[in-house]
Amino acid sequence: MSSRPASAPRTVNLVTLGCARNEVDSEELAARLTASGWELTEDGEASVVLVNTCGFIQAAKQESIDELLDAASGGGKVVAAGCLAERYGAELAEAMPEAQVVSFDDYTGIAARLDAVAAGQRWDAHQPRDRRRLLPLAPADRPTARPAAGAAGAAGAAGDIPDLPPGVAPPSGPSVPLVLRRRLGTGVTAPLKIASGCDRRCSFCAIPSFRGAFLSRPAGDLVAEAQWLAGQGVRELVLVSENSTSYGKDLGNLRLLEELLPELAAVPGIAAVRVSYLQPAELRPGLIDVLAATPGVAPYFDLSFQHASGRVLRAMRRFGDEQRFGELLDRIRAACPQAGVRSNFIVGFPGETEDDLHTLEQFLEDARLDAIGVFGYSDEDATEAASLPGKTDPAEVARRVEEVTALADELMAQRSADRIGETTDVLLERRLGSGRFEGRAAHQAPEVDGTTTVRGCGGNQVGDMVRAKFTGAEGADLVAEAVETVSAAGAEQGLAP
């Protein structure tokens, strides 16, 4: 495979769609490209546009397709990466000749792939396969070292990387394989991918088939990456994976997340650690205690309920019902009364009755969740649910989404109002002027859970963690008055004024 002449410009516009896990994948791709001489740019005249797609649900797939078509409309060279590309491979390449398609297996050689694209070469896209079969069925039999390529993050030995430019994560030690990463943003919050893949078999979800079986990253590597992120100005780590409660099971330690969280919270410069994607069926009492009471760990529970009707949940191949979920919430709030809780729900699942919908709505009214996501069911290729009887008419699904969303909006506003008078820690993320900042409290995750406007912060800066008292609410957003600075940005490195 030939490369472009060294004198030719090698610029890439890297577009990221989808979840925070995709964001980490893009930063790893960016690091490999930068290390191989490619220049990142947002210029529309880039040599190649690399779109890291999402392939989770129909709306996300359509957004990815629209982005690829838009990138190709300017006549430039386009490459599709990410979940949509992995999931459909040659089928996507045939349907969209405007773009070339790469697999997760191409990530370690992404620079060479882009060199070939820039030189006008084409290759046959991969045929999709069930990536769950790439690792042993038993978690304990899976390799503890990171895989050479794929959805787990495209790690590689330090020796196969040229001199790294500024902003690219260095090796964490002479015997530790290098996980490349280059930050694409400048915010004070960053995701930290603790694992990849999923061993669950939810009947509506295709993610395990193209992301693969569950594989944890070693705790030492995560601490080293957290230290590097702190050096890049990150103040809050958001731990992401397909299922964070499974972390460590393939490393022989089901309590590894409970041990890891205090270590990450103790990293100099890190003011908060937040965990996302918790499975209710796997949420152990010990993990609840660590999340609820560890200094520096946000008492935040991102619980994947999906529904509240036991009958619907069994059809989804999931755990629980409204009673068990209510008992779980009681345990969480007994450990930390101010704990934040969010969840997503699917309505219109095959066979869902009006009674099932009522059960869900009653649960939402009782649960006092801070954030509620509502999604309408749609068939996904190669999932068990796609062949289930009792499909609900799409118009009725849309009506149920509208109904439950309206209820959810009302309940979230009530929950925010209930918090008025509470005092909590808020991370300041954006200066609004006149001593006012936009930030996020412990119960608010980035981009999905609302924000808090903090007043009385004349002496503060972005990245400070302040204690503040809630004084007002508007929907999911809150207003607060600063009480004191808990942790100043840069103080742990001696950089604060």
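The structure reproduced in this document is the subject of the present report. (Residues numbered from 1 in each chain as written. Predicted model: local features only at pLDDT ≥ 70, side-chain atom pairs only at ≥ 80, totals over all residues. Heavy atoms only, no water.)

This part takes up the overall build of the protein. When its secondary structure is counted, the protein shows 13 helices and 18 strands. For the protein, buried positions account for 54% of its 497 residues. Sequence separation of 24 or more characterises 73% of the internal contacts of the protein that already satisfy a separation of 6 or more. A total of about 20300 Å² of accessible surface is found on the protein, and carbon and sulfur atoms cover 50% of it. (Helix = DSSP H or I, 4+ residues; strand = E, 2+ residues; numbered from the N terminus. Buried < 20%, exposed > 50% of the residue type's maximum accessible area, 1.4 Å probe, protein only. Contact = heavy atoms within 4.5 Å. Areas by Shrake-Rupley, 256 points an atom, 1.4 Å probe, with all protein chains shown as cover.)

For helix α2 (residues 58-73), which comprises 16 residues, the first-to-last C-alpha distance of 22 Å matches the rise-based estimate of 22 Å (1.5 Å per residue) to within 8%. Those residues of α2 lying buried are Ala60, Lys61, Ser64, Leu68, Ala71 and Ala72. Seen end-on, α2 carries its buried residues on one side only, within an arc spanning 110°. Away from its buried face, by an angle of more than 90 degrees, α2 presents the exposed residues Ala59, Asp70 and Ser73. Of the surrounding elements, those touching the buried residues of α2 are β3 (48-53), β4 (77-81), α3 (82-88) and β5 (99-101). Directly beyond the C-terminal end of α2, a positive phi value near 85° is found at glycine 75. (Expected span 1.5 Å × (residues − 1). Arc of directions from axis to C-beta.)

Once that is clear, we can look at the nonpolar core. Core analysis: the biggest nonpolar cluster contains 72 residues, and Leu237, Leu239, Leu261, Phe301 and Leu303 have the highest contact counts within it. Sequence-distant contacts of leucine 237, that is, excluding residues within four places in its chain, are made with Ala190, Leu192, Ala226, Leu229, Leu264, Ile270, Ala272, Val273 and Arg274. One finds Leu29, Ala111, Val117 and Ala118 within the second-largest nonpolar core, a separate group that totals 24 residues. (Core = buried A, V, L, I, M, F, W, Y, C linked by side-chain atoms within 4.5 Å.)

Another point: the packing of aromatic side chains. Under the definition given, this model contains eight aromatic pairs. Here the aromatic rings of phenylalanine 104 and tyrosine 107 are separated by 5.5 Å at their centres, their planes lie at 85°, and the arrangement is edge-to-face. Both residues of the pair, phenylalanine 104 and tyrosine 107, belong to the buried class. A ring pair is formed by phenylalanine 319 and phenylalanine 325, whose centres lie 6.0 Å apart and whose planes are at 55°; its orientation type is tilted. Classification of phenylalanine 319 as partly exposed rests on a relative accessible area of 32%. Take phenylalanine 325: its relative accessible area is 0%, and that puts it in the buried class. (Phe/Tyr/Trp six-rings, centres within 6.5 Å; stacked < 30°, edge-to-face > 60°.)

Glycine aside, residues mostly have negative phi angles, and peptide bonds mostly take the trans form. Within the chain, tyrosine 277 stands out as a residue other than glycine whose phi angle is a positive 60°. Judged by relative accessible area, tyrosine 277 falls into the partly exposed class, the value being 27%. The backbone of arginine 368 sits at a positive phi, close to 55°, despite the residue not being glycine. Within the secondary structure, arginine 368 sits in the loop between α12 (354-367) and β13 (371-376). For arginine 368, a relative accessible area of 38% translates into the label partly exposed.

When two helices pack together, their arrangement is captured by the angle between the axes and the distance separating the axes. One can describe the packing of α12 onto helix α13 (residues 394-418) by two numbers: an axis separation of 10 Å at closest approach and a directional angle of 15°. Between α12 and α13, the angle is such that the two are roughly parallel. The handedness of the crossing between α12 and α13 is right-handed. Seen from α12, the contacting residues are Glu354, Leu357, Glu361, Leu364 and Glu365; seen from α13, they are Glu396, Arg399, Arg400, Glu403, Val404, Leu407 and Leu411. (Axes fitted to C-alpha atoms, helices over the stretch in contact; angles between N-to-C directions. Parallel < 35°, antiparallel > 145°, perpendicular 65-115°, else oblique. Left-handed = near helix turned anticlockwise from the far one by under 90°.)

What follows deals with the pairing of strand β14 (residues 423-433). Successive residues of a regular strand alternate their side chains across the two faces of the sheet. Where β14 meets strand β17 (residues 465-474), five bridges bridge the pair, whose relative direction is antiparallel. Bridge pairing links valine 426 to valine 466 in β17. Two strands pair when backbone bridges link them, and β14 and strand β15 (residues 436-441) are joined in this way by six bridges, in the antiparallel orientation. By the bridge assignment for β15, valine 426 is matched with alanine 441. Hairpin remark: β14 followed by β15, antiparallel, with two residues in the connecting loop; positive phi at serine 434, about 55°. (Pairing = 2+ DSSP bridges.)

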